[in-house]
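# Notes for the structure review
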Amino acid sequence: MMKVTVYGPGCARCTQTAQIVKEVLETEGVSFTLEKISDYAEIAKAGIMATPGVALDGKVVSVGKIPTVSEIKDWLRTPG
């Protein structure tokens, strides 16, 4: 099971990022858990300097933008 973490204070961009990632993973049939981190100290500890940020299984894959569907699919194709 993949662990997806979305980092952000809960703004509209962060909410949209979580939603699009969730939709793509569900469409692709990926088994995952979704965690949202809004604590600024935890966001900084993860190395996220601009939100929204996304990590898959602890590896940061996106920072400071809303990812596109094709970008998310690329993350799934790129091994660890």
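Refer to the structure printed above.
Report follows, based on the coordinates. Owing to the predicted nature of the structure, the values given are computational and were not obtained by experimental measurement. Residue numbers here run from 1 along each chain, matching the order of that chain's written sequence. Per-residue local features of the predicted model are confined to residues with pLDDT of at least 70, and side-chain atom pairs are confined, for both listing and counting, to 80 or more; whole-chain, interface and lining totals are unaffected and use all residues. Excluding hydrogens and water, the side-chain values take into account all heavy atoms of the structure.

### Considering the packing of helix α1 (residues 12-27) against helix α3 (residues 69-77)
Applicable threshold: Each axis is a line fitted through C-alpha atoms, taken for helices only over the stretch in contact, and angles between the N-to-C directions span 0 to 180 degrees. Only DSSP runs of H or I reaching four residues or more are called helices, and only runs of E reaching two or more are called strands; each is numbered from the N terminus. The scheme is simple: roughly parallel for angles under 35 degrees, roughly antiparallel for over 145, roughly perpendicular for 65 to 115, oblique for anything else. By definition, turning the near helix anticlockwise from the far helix through less than a right angle yields a left-handed crossing, and turning it clockwise yields a right-handed one. By definition, residues are in contact when any of their heavy atoms lie within 4.5 Å. Residues are grouped as follows: nonpolar covers Ala, Val, Leu, Ile, Met, Phe, Trp, Tyr, Cys and Pro; charged covers Asp, Glu, Lys and Arg; every other residue, Gly included, is treated as polar.
Interhelical geometry of α1 versus α3 gives an angle of 55 degrees and a closest axis separation of 10 Å. Between α1 and α3, the angle falls in the class oblique. When you trace α1 past α3, the crossing you get is right-handed. Here Ile 20, Val 21, Val 24 and Leu 25 of α1 lie close against α3, whose contacting residues are Val 69, Ile 72, Lys 73, Trp 75 and Leu 76. Classifying every residue of the contact of α1 with α3 by side-chain character gives eight nonpolar, no polar and one charged.

### Remarks on the pattern of salt bridges
Stated precisely, the cut-off is as follows: Only one rule defines a salt bridge in this text: a Lys or Arg side-chain nitrogen within 4 Å of an Asp or Glu carboxyl oxygen. Only protein chains enter the area calculation, which uses a 1.4 Å probe; residues under 20% of their type maximum are buried, those over 50% are exposed, and those in between are partly exposed.
One pass over the full model with this rule turns up six salt bridges. Between Glu 26 and Lys 22 there is a salt bridge; the shortest N-O distance is 3.4 Å. A residue pair is termed a helical-turn pair when its members lie 3 or 4 positions apart in one helix, as Glu 26 and Lys 22 do in helix α1 at four residues. With a relative accessible area of 30%, Lys 22 lands in the partly exposed category. In this structure, Asp 74 and Arg 77 form a salt bridge, with 2.8 Å as the shortest nitrogen-oxygen distance. In this pair, Asp 74 and Arg 77 are both assigned in helix α3, three residues apart and thus about one turn of the helix distant. With relative accessibility at 41%, the residue Asp 74 sits in the partly exposed group.

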